Amino acid sequence: MKLLAYNVRTDESMFFQTFAEQYGVELHTLPYSPTLENAGKTEGCDAVSVVTTSITKEILEKWKASGIRCVSTRSVGFDHIDIEAADALDIPVSTVNYTPASVAEYTVMLILMALRKVKTIIMRGSVQDYSLTSVRGRELRTCTVGIIGAGRIGEAVIQRLRGFGCEILVHTLKPNEALAPFVSYVPFEKLLQKSDVISLHAPATAETKHLIGQKEMEKMKDGVVLINAARGTLIDTQALIEGLESGKIGAAALDVLENEKKVFYKDLKYKVLSNRELALLQSMPNVILTPHTAFYTEEAVSDMVEYSILSCKYELEGRDNPWRVNG
Ligand code: COI
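Below: a short report on this structure. Everything numeric in this text was worked out from a predicted model, so none of it was measured.

1. A few points about the sheet that holds strand β5 (residues 93-94)
Sheets are built from strands paired through backbone hydrogen bonds, the pairs being either parallel or antiparallel.
Part 1: Ordered in space as β2-β1-β3-β4-β5, the 5 strands form an open sheet in which the pairing is parallel. Bordering the open sheet on either side are β2 (26-29) and β5, each of which pairs with just one other strand.
Part 2: Examined bridge by bridge, strand β1 (residues 2-5) and strand β3 (residues 47-50) share 3 bridges and lie parallel to one another. Paired with L4 across the bridge in β3 is V48.
Part 3: Where helix α11 (residues 298-316) meets the sheet, it contacts β1, β3, β4 (70-73) and β5, and its direction lies at approximately 160° from that of β4.

What follows is the structure in structure tokens.
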């Protein structure tokens, strides 16, 4: 099998080499994103590995014409790929289910950082302000935490939260019996009304766009803490800004943001930010903003590369592919 991997970072290279050798794959890597202009690079290859850059119908058509037989994304989410077009072209698409501990541990960290006002404490320390004014926090054990979406990552967050002694409410499409002793499964509205902290773990789909908007925020407790390490589109950013300005939202910790792609993973020092919402949120003392880094651990990167190579191998060998999302 000949695999072309796009967007290969230097920290992924070693894993690509190791696993390509282990699974007998001929590997070609490119450091940049796929575009219509460079789609012809796949000529002579059987499979493509990508990350979260947009994969349009036109790119897929070019790949198909060049002989590509499957596409794998080294991410859990696949909202960046035109799945309908892949279906029409009969191209199998797969994701990877890397260790959920990566995002789950980061989520717990964000919850604690938001509750303990750590952004303000650290920023003050950098100007030698060691005062206690306004930085009194709240203990997680006294909070009700609402988890929206309890797939692999939501479940891993719940397992970690158990040790803190907080009450856990869950709203999810497929309740998991194994979690029932530790959580209360509740309707969406009840979760909004009763939670002190709300953490989102749903995929980005047409149905989940602006799952949390002005109407939903109005139903929440005053001072609620919102956590999003899933996808930016789940929250209506304008409504969030208004909620933070009015004080309805007490704090937010966001690892993802709507329209993040032009900004995240880029060094924009000395540049005027093109994303006004990001600039505004970043200026707020009660908003923690990180650039889509929750997944980024050594263990997760290794899994991403290994499972991406394996899923292409399974497809081409006609074996069952546990990571396939279409067809
Ligand atoms: C995902 O796996 O879906 C992520 O959001 C991480 C990605 C940036 C590699």
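2. Some points on the sheet that holds strand β10 (residues 224-228)
Part 1: Taking strand neighbours across the sheet as the criterion, the 7 strands line up as β8-β7-β6-β9-β10-β11-β12 in an open arrangement whose pairing is parallel. Bordering the open sheet on either side are β8 (184-185) and β12 (287-289), each of which pairs with just one other strand.
Part 2: As judged from the 2 bridges shared by strand β7 (residues 167-171) and β8, these two strands associate in the parallel manner. If you follow V170 over to β8, its bridge partner there is Y185.
Part 3: Along the sheet, helix α9 (residues 237-246) contacts β10, β11 (249-254) and β12; its crossing angle with β11, the most-contacted strand, is approximately 135°.

3. A word on helix α5 (residues 118-125)
Part 1: Restricting attention to buried positions, one finds in α5 the residues K119, T120 and R124. Along the axis of α5, the buried residues cluster in a sector spanning 125°; they form a single face.
Part 2: Looking at the buried residues of α5, the elements they touch are α10 (276-282) and β12.

4. Quick look at the state of the cysteines
Two cysteines whose sulfur atoms are joined by a covalent bond form what is called a disulfide.
Part 1: Taken as a whole and judged by the stated rule, the model has 0 disulfides.
Part 2: With no disulfide of its own, C70 lies closest to C312 among cysteine sulfurs, the gap being 4.0 Å.
Part 3: Classification of C70 by relative accessible area gives buried; the value is 1%.
Part 4: Take C143: it sits in no disulfide, and the sulfur closest to it among the cysteines is that of C166, at 7.4 Å.
Part 5: Using a relative accessible area of 2% as the deciding quantity, one classes C143 as buried.

5. Quick word on the layout of surface pockets
Part 1: Size it by volume and the second largest pocket reaches roughly 390 Å³.
Part 2: Lining the second largest pocket are 24 residues, and of these A114, K117, V225, G250 and A251 sit closest to its centre.
Part 3: Taken together, the elements giving at least two residues each to the lining of the second largest pocket come down to α4 (101-115), α5, β10, β11 and β12.
Part 4: Each residue belonging to the lining of the second largest pocket can be placed in one class, and the counts come to 11 nonpolar, 6 polar and 7 charged.

6. Notes on the packing of aromatic side chains
Part 1: Within this structure, the stated rule accounts for 5 aromatic pairs.
Part 2: Where F19 meets Y23, the ring centres are 6.3 Å apart and the plane angle is 15°; that geometry is what we call stacked.
Part 3: In this structure F19 comes out as buried when scored by relative accessible area, which is 9%.
Part 4: Note on F295 and Y296: the rings are 5.4 Å apart at their centroids and 45° apart in plane angle, and the pair reads as tilted.
Part 5: According to the relative accessible area criterion, F295 is buried, its value standing at 12%.
Part 6: The exposure class of Y296 is partly exposed, given its relative accessible area of 40%.
Part 7: Among the aromatic residues, ring-to-ring pairing joins Y307, Y314 and W323 into one connected group.

Quick notes on the rules
- Residues numbered from 1 in each chain as written.
- Predicted model: local features only at pLDDT ≥ 70, side-chain atom pairs only at ≥ 80, totals over all residues.
- Heavy atoms only, no water.
- Pairing = 2+ DSSP bridges.
- Helix = DSSP H or I, 4+ residues; strand = E, 2+ residues; numbered from the N terminus.
- Contact = heavy atoms within 4.5 Å.
- Axes fitted to C-alpha atoms, helices over the stretch in contact; angles between N-to-C directions.
- Buried < 20%, exposed > 50% of the residue type's maximum accessible area, 1.4 Å probe, protein only.
- Arc of directions from axis to C-beta.
- Disulfide = S-S within 2.5 Å.
- 1 Å grid on protein atoms, 1.4 Å probe; cavity = no way out; pocket = protein on both sides within 12 Å on 5 of 7 lines; lining within 4 Å.
- Points joined across faces, edges and corners; volume = space filled by probe spheres on them.
- Nonpolar A, V, L, I, M, F, W, Y, C, P; charged D, E, K, R; others polar.
- Phe/Tyr/Trp six-rings, centres within 6.5 Å; stacked < 30°, edge-to-face > 60°.

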